[in-house]
Amino acid sequence: MNIQKSSHNNSLTFSISGRIDTSTSPKLEQELKNSINDCTELTFDFAQVEYISSAGLRVLLSAQKTMNKQGSMKLKNVHENIMEIFEVTGFTDILNIE
Amino acid sequence: MVKKFGLKFGGLQQKILNLVLVFLIALIAIFAGIWFYQATTLNAVVGDVNSEQQDAIEKVSHNTMHQIIDNSMTKTNALQAYIADDMFSDVKTDVATLQSLAAGLFEHMDSIEPYPFSLPDPAKEGEFSAQVLFEDGVDYTESKYLGVAAHMSDTMIAMCKQSEYLDNCFIGLADGTHLCVDNQPSNKYDENGVLSPFSVRERPWYIGAVNAGKLWFSAVETDTYTGKIGVECSAPVYKDGKLVAVVGVDLFLNSMSDYVNSASSQGGYISVINNEGKVIFAPEDNGIFTVELSDNARDMRADENKALADFINKALTEQTGLVSVNVNGKEYYMTSSPINTVGWAVISFIEKDITEQPAQIMMSEYDRINDDATQKFSESMKKLNQAMLVIIAVLLVLGITAALFVAGRIVKPIEYMTKRIDELSGTDIAFEMNDFYRTGDEIEVLAQAFATLSKRTIHYIEQITRITAEKERIGAELELATRIQADMLPNIFPAFPEREEFDIYATMTPAKEVGGDFYDFFLIDDNHLGLVMADVSGKGVPAALFMMMSKILVNNFAMMGESPAKVLEQTNTQICKNNDEEMFVTVWFGVLDIETGKVTAANAGHEYPMIKKANGEFEILKDKHGFVVGGMEGMRYKEYEFTLEKGGTLFLYTDGVAEANNAKNEFFGKDRMLAALNAEPQADPKTLLENMKKSVDEFVGNAPQFDDLTMLGVKLL
């Protein structure tokens, strides 16, 4: 998994590529923890994401909870198969997916 | 390394020894080469110098000797010839004087009164006196000439007295009488005191002079009275062309004879040859010339030795230089000077070997000294060579000993160290620094490094032991946890042997020791069977703990008879109360009415179940999904219902099945799952699950699996 961050004022974009699974999600979690303190607008670009496991979902849930307190969070360019995971797990109910 | 004679071959010690040996041998070879070259050169130089010196000495001495001989012998010879010539000249003059005196007297004999004369008077022995002698049968008193000749008596006596050469002089008269002057009158008488007759006209000097008709020198003759060897000089006297007398002298060449004989003492010889090539004087045993009386004398001019004959011929006419002549196989130096008065020659000669004796003596002496020197030189060289050999041997021995000693000093600590390390291996005793290793060089550094390494290794081993023990403990605990977890799930099949209405089977294959998946089934009452399939986010012990909590909560709430949606909502509420870790669990919970086959279920973010109608195939049941349990507080779940026909089967699973991946990172996927199930759709749940497991295993091959594989199948009979 690779993460590319770009920030503009208080908005922050995480462009992620590869698999977000048990072994890679701690890295994403750490990156988020370091970056989103002053962020009011967090965006995940999922164009390059191939797979997300329950561990990855946990990180997204955690980020969503944080952002609920300090601003907004959204996901974009979500692939169909990833979208299916979100649907199955009910994450479509709590995530803002464009 | 091979050990022999206390040395290790192939070891450092031998390598150092080799190095030293190579160095020593190279050094010795160079040294020996230089030595050999110098010795050879020196020998050659000494030899060359020797032969050069020998040649030079030989040449110089030869030349010098030749010059000396040429100078001294030629000059001496010439001088001797000159002296002889002078003497002969004097004698000649004396004889000529007598001849002229006699001629004058006889010319005027008619007017001259006879002069008294007498027979030899023995009383006058020792003094010169005129003595009359005569031939047998001649009456001297009748002689007309004797009285005339007697006038010469006083002159003749005076002549003998004055001359250093003459012992006598005489005048022989043609009538057979004879007047002689000498100082030995007594020997004219025989033993009986009778006067011996004197055959005047038969004497060689008389005949010689008459035949010659002029002054004449005889060959060597023995004196009638004295027996001495001598020559005679005589001259005829004529009156009116008629021979009247012959005057003459005896020449006893004592001085010349002495000289000739004395010369031999110096190794050289002097010889006198007369005009007929006859030897007149020669020392005895000179090897060339022999004095013979005139009758027997050989003519040396016609000697069979051509070179000698040539030399004699030349000698009688001119002064020769120093000539080398071979006689009887011996080389002689010869020089000759003529005695002009008589036409004789004085020859000096010396054996060449004798002249070269000093040179040869010198040469041999030189050779001896030289040989001595050469021998001493050779001996010294030999000794030096021996000394060299000894030095080389000592050097080699010292070198080897030193190399062994030094190498030993280097190798000993290493050997000791190696031995020590060997002893220590397998024990937990550290290698320690020791004074033995304090060599001050790399060995000390090595030993120090070993000591440090050994200490650290022991420290590391202790650490590793501790860590390993810890790990083992954790591993054991994890295994225990896994067992506890596994034991938590109903895993004895058939689970409800007394119930014939349905058949149920479930398995969980964790990817790690402890997984987060779980299934559960339990009879809520006789007719209602609770079915749970859940997947906790994350893995390991936290997931396992969370799973246990979830399982117990779901089971508790379900057993209280709550509807599935309520069960999940209550569980969610409970979990969210203390969920700082923000873990969640997807749960499918359904309650099967065993009698009717009606299933009431709620899905909290879990996979779609798969269902098969009595005679159909497995299909995905797209049910209504809610959010995962534990994710968000106050979540509401929707319930839905469907019917499981008799002979129909419900298949529940976790995402570990659908998302099992192969080496190409492809998911197993729902299509393959359906295919696996539909391979034997009517099979009992156990077979279905086994088919699924087999199919998944075939698909993933050796690719590592990250997720648990959990399945549950229930079939209504």
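None of these values were measured; they are calculated from a predicted model.

Now, about the overall build of chain A: what can you tell me, with residues and values included?
When its secondary structure is counted, chain A shows 3 helices and 4 strands. In sequence order, chain A lays out its α and β elements as β-β-α-β-α-β-α. Taking 13 Å as the expected radius of gyration for a compact globule of 98 residues, we find that chain A reaches 12 Å, a close match to that expectation. If one aligns the C-alpha atoms of chain A with their principal axes, the spans along those axes are about 30 × 25 × 20 Å.

For the overall build of chain B, give the residues involved together with the corresponding values.
Secondary structure assignment for chain B yields 14 helices and 25 strands. For chain B, whose C-alpha radius of gyration is 82 Å, the value lies well above the compact-globule estimate of 27 Å for 717 residues. In terms of principal-axis extent, the alpha carbons of chain B reach across some 230 × 55 × 40 Å. Counting all 717 residues of chain B, 45% fall into the buried class. Long-range contacts, defined here as pairs at least 24 residues apart, represent 65% of the contacts in chain B between residues at least 6 apart. Chain B carries 60 positive and 103 negative side-chain charges, and their two centres are separated by 13 Å.

Just give me the short version of the domain arrangement of chain B, but keep the residues and values in it.
Partitioning chain B into structural domains gives domain 1 (108–252) and domain 2 (489–716). Distance between the C-alpha centres of domain 1 of chain B and domain 2 of chain B: 196 Å.

Report on the interface of chain A and chain B, specifying residues and quantitative values.
In this complex, chain A contributes 19 residues to the contact, which on the side of chain B involves 24 residues. Between chain A and chain B lies a buried interface of about 1,900 Å² when both sides are counted; carbon and sulfur atoms form 58% of it. Connecting chain A to chain B are 1 salt bridge. With a shortest N-O distance of 3.9 Å, K670(B) and E84(A) are connected by a salt bridge. Linking chain A with chain B are 7 residue pairs in polar contact (both at pLDDT 80 or more). Counting residues per element, the ones that place at least two in the side of chain A that touches chain B are α2 (54–70) and α3 (80–89) of chain A. Top contributing element to the side of chain A that touches chain B by residue count: α2(A), with 7 residues.

Got a sec to walk through the sheet that holds strand β10 (residues 268–273) of chain B? Specific residues and values, please.
Pairing between the strands of a sheet is mediated by backbone hydrogen bonds and can be parallel or antiparallel. Residues and elements named next belong to chain B. Overall, antiparallel pairing links the 5 strands, which are arranged β11-β10-β14-β13-β12 in an open sheet. Each edge of the open sheet is held by one strand with a lone partner, namely β11 (279–281) and β12 (323–327). Taken pair by pair, the neighbouring strands of this sheet meet at an average axis angle of 40°, ignoring direction. Sheet topology places strand β13 (residues 330–339) next to strand β14 (residues 344–351); 8 bridges connect them, and they run antiparallel.

Give a description of the pattern of salt bridges that names residues and reports values.
Per the stated rule, a full pass over the model turns up 27 salt bridges over all chains. Where E98(A) meets K74(A), a salt bridge forms, and the shortest distance between an N and an O atom there is 3.2 Å. You can see E98(A) sitting in the segment after α3 and its partner K74(A) sitting in strand β4 (residues 72–76), a full 24 residues away along the chain. Judged by its relative accessible area of 24%, K74(A) is partly exposed. The salt bridge partner of K306(B) is D310(B), with a shortest N-O separation of 3.2 Å. Highlighted residues: K306(B) and D310(B), both in helix α6 (residues 306–315), separated by 4 residues, approximately one helical turn. Looking at D310(B), the relative accessible area reads 40%, which means it is partly exposed. A single network of salt bridges, built from pairs that share partners, joins E84(A), E607(B) and K670(B).

Quick rundown of the packing of aromatic side chains? Include the residues and the values.
Remark: the centre distance and the inter-plane angle together describe each pair of aromatic rings, the angle taken between the planes. All names here are of chain B. Here the structure, examined in full by the defined rule, presents 26 aromatic pairs over all chains. Ring plane angle 75° and centroid distance 4.6 Å describe the contact between F88 and W344, whose orientation is recorded as edge-to-face. In this pair, F88 is assigned in helix α1 (residues 12–107) and W344 in strand β14, connecting sequence segments 256 residues apart. Of the two residues, F88 and W344, neither departs from the other in class, the shared state being buried. For the ring pair F496 and F521, a centre distance of 5.8 Å and an interplane angle of 70° mean the geometry is edge-to-face. Here the residue F496 occupies a position in the loop between α9 (442–488) and β15 (502–509), and F521 occupies one in strand β16 (residues 517–523), the gap between them amounting to 25 residues. Following the ring pairs from residue to residue traces out a cluster consisting of F493, F496, F502, Y505, Y519 and F521.

Pulling in residues and values, what's your account of the sheet that holds strand β25 (residues 709–716) of chain B?
Residue and element names in this part refer to chain B. On the basis of which strands lie adjacent, the open sheet formed by 5 strands has the order β15-β25-β24-β20-β21 and antiparallel pairing. Looking at strand neighbours, the two that pair on one side only are β15 and β21 (618–620), the edges of this open sheet. Across the sheet, the axes of successive neighbouring strands diverge by a mean angle of 15°, strand direction being ignored. Taken together, the 3 bridges between strand β20 (residues 610–612) and strand β24 (residues 649–653) define a ladder with antiparallel strand orientation. Directly across from M610, in β24, lies its bridge partner F651. Sitting on the sheet, helix α14 (residues 685–700) is in contact with β15, β21, β24 and β25, with an inclination near 150° to β25.

Summarise α9(B); cite the residues concerned and give the values.
Residues and elements named next belong to chain B. Over its 47 residues, α9 runs 65 Å from end to end, which matches the ideal 69 Å to within 8%, given 1.5 Å per residue. Listed in full, the buried residues belonging to α9 are I443, A447, A451, S454, L478, T482 and Q485. Where α9 is buried, its residues touch α8 (357–424), β15, β16 and α10 (540–559). If you check the start of α9, you find a side-chain oxygen 2.9 Å away from the backbone N of I443, and it comes from D441.

Pulling in residues and values, what's your account of the pairing of strand β17 (residues 528–536) of chain B?
All names here are of chain B. Across the 9 residues of β17, 8 count as buried, placing the element largely inside the fold. Two strands pair when backbone bridges link them, and β16 and β17 are joined in this way by 7 bridges, in the antiparallel orientation. The residue of β17 that forms the bridge with D517 is D535. Hairpin geometry of β16 and β17 is characterised by an intervening segment of 4 residues between the two adjacent antiparallel strands. Judged from the 9 bridges that link them, β17 and strand β18 (residues 585–593) form a sheet pairing that is antiparallel. The residue bridging L529 from the neighbouring strand is L592, located in β18.

Please provide a residue-by-residue account of the state of the cysteines, values included.
Going through the model one piece at a time under the given rule, you end up with 0 disulfides over all chains. Between C180(B), a free cysteine, and C169(B), which holds the nearest cysteine sulfur, the sulfur-to-sulfur gap is 8.6 Å.

How would you summarise helix α11 (residues 564–577) of chain B if you had to cite specific residues and measurements?
Owing to its 3.6 residues per turn, the α-helix brings residues three or four apart onto one side. Helix length check: α11(B), at 14 residues, gives a terminal C-alpha distance of 20 Å against a target of 20 Å (1.5 Å per residue), a fit within 8%. Contacts made by the buried residues of α11(B) are with α10, β18, β19 (598–604) and β23 (639–643) of chain B.

Can you lay out unusual backbone geometry for me, pointing to particular residues and giving the numbers?
The bulk of non-glycine residues show a negative phi, and the bulk of peptide bonds are trans. All names here are of chain B. Omega for the peptide link from F493 to P494 comes to -5°, which places this bond in the cis form. For P494, the position within the fold is in the loop between α9 and β15. Here N665, not a glycine, exhibits a phi torsion of approximately 65°, which is positive. On the secondary structure map, N665 appears in the loop between α12 (655–658) and α13 (669–679).

Definitions and cut-offs
Residue indices follow the written sequence of each chain, beginning from 1 at its first position. Labels follow written order: the first chain is A, the first ligand is 1, and so on. Local features in this predicted model are restricted to residues of pLDDT 70 or higher, and side-chain atom pairs are both shown and tallied only at a pLDDT of 80 or more, whereas totals for entire chains, interfaces and linings draw on every residue. To get the side-chain values, take all heavy atoms of the structure and skip hydrogens and water. In this text, helices come from DSSP runs of H or I with a minimum length of four residues, and strands from runs of E with a minimum of two, each type numbered from the N-terminal end. Our radius of gyration is a C-alpha quantity, and the globule rule it is checked against amounts to 2.2 Å times the number of residues to the power 0.38. To sort residues, take the accessible area from a 1.4 Å probe on protein chains only and compare it with the maximum for the residue type: under 20% means buried, over 50% means exposed, and anything in between is partly exposed. Any two residues whose heavy atoms approach within 4.5 Å are treated as being in contact. Residues counted as positive are Lys and Arg, residues counted as negative are Asp and Glu, and His and the chain ends are not counted. Note that the charge is assigned to NZ on lysines, CZ on arginines, CG on aspartates and CD on glutamates. For the domain bounds, the source is a domain assignment made automatically or taken from a database. Summed over both partners, the accessible area lost on bringing two parts together, with a 1.4 Å probe, is the buried area. The term salt bridge refers to a side-chain nitrogen of Lys or Arg lying within 4 Å of a carboxyl oxygen of Asp or Glu. The definition of a polar contact used here is a pair of N or O atoms within 3.5 Å, where within protein one atom must be able to donate a hydrogen and the other to accept one, and adjacent residues in sequence count solely through side-chain atom pairs. For two strands to be treated as a pair, DSSP must find at least two bridges joining them. Here the axes come from fitting lines to C-alpha atoms, over the contacting stretch only for helices, and the angles between their N-to-C directions go from 0 to 180 degrees. Centres within 6.5 Å make a pair out of two Phe, Tyr or Trp rings, where for Trp the six-membered ring is used; the pair is then stacked when the planes are under 30 degrees apart, edge-to-face when over 60, and tilted otherwise. How far a helix is expected to stretch is found by multiplying one less than its residue total by 1.5 Å. The rule for a disulfide is simple: a pair of cysteine sulfur atoms within 2.5 Å.

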